[in-house]
Amino acid sequence: MTEPYSHDEIAKLAYESWERRGRPAGSPEIDWYAAERAMGLRDLQEEFSLFSLPLEAEEGPSREA
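Note that the structure is predicted; figures quoted are calculated from it, not measured.

(A) Highlighting the side chain of Asp 31. Within the element layout of this structure, Asp 31 appears in helix α2 (residues 29–50). Here the side chain of Asp 31 touches Arg 21 through a polar contact of 2.8 Å, side chain to side chain. The residues touching Asp 31, leaving out its near neighbours within four places in the chain, are Ala 14, Ser 17, Trp 18 and Arg 21.

Here it is as C-alpha cells:
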C-alpha cells in the first residue's frame, strides 16, 4: 500500500483545480476534497493494475446462463 499524500501534494492539485475552475471566490474545501479523491482514484488504478485487473468493463459478447 502506498503512503498517504503530503499536504503540499494535495494543496498543489487543489490549487490547479481552483485555477481551472476560473479562481472562484468561496469554499476552498471543494477543490481540496476533489484533489484528495483524485489522488485516491489514482492509487486505486495503480493498485488494480498490479493485479492486471481492468477497472472498466471490457466490450464484447456477454455471457448468459
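(B) Geometry of helix α1 (residues 7–20). Look at α1: 20 Å from first C-alpha to last across 14 residues, which is about the 20 Å you get at 1.5 Å a residue. For α1, the set of buried residues is Ile 10, Ala 14 and Ser 17. Seen from one end, α1 has its buried residues packed into an arc of 60°, which puts them on one side. Exposed and facing more than 90 degrees away from the buried side of α1 are Asp 8 and Lys 12. Looking one or two residues beyond α1, the residue adopting positive phi is Gly 22, at roughly 90°.

Definitions and cut-offs
- Every chain is numbered independently, its residues counted from 1 as its sequence is written.
- Under the rules for a predicted model, residues below a pLDDT of 70 receive no local features and side-chain atom pairs below 80 are neither given nor counted, while totals for whole chains, interfaces and linings still include all residues.
- Based on all heavy atoms of the structure, the side-chain values leave hydrogens and waters out of the count.
- Under the DSSP-based scheme used, a helix requires at least four consecutive residues in state H or I and a strand at least two consecutive residues in state E, with every element numbered from the N terminus.
- In the analysis that follows, any N or O atom pair within 3.5 Å is treated as a polar contact, provided that within protein one partner can donate a hydrogen and the other can accept it, and provided that, for residues neighboring in sequence, both atoms belong to side chains.
- Contacts are residue-level and defined by heavy atoms, with any inter-residue pair within 4.5 Å sufficient.
- Each helix should span, by expectation, one fewer than its residue count multiplied by 1.5 Å.
- Only protein chains enter the accessibility calculation, which uses a 1.4 Å probe. A residue is then buried if its area is under 20% of the maximum for its type, exposed if over 50%, and partly exposed in between.
- The directions from the helix axis to the C-beta atoms are what the arc is built from.

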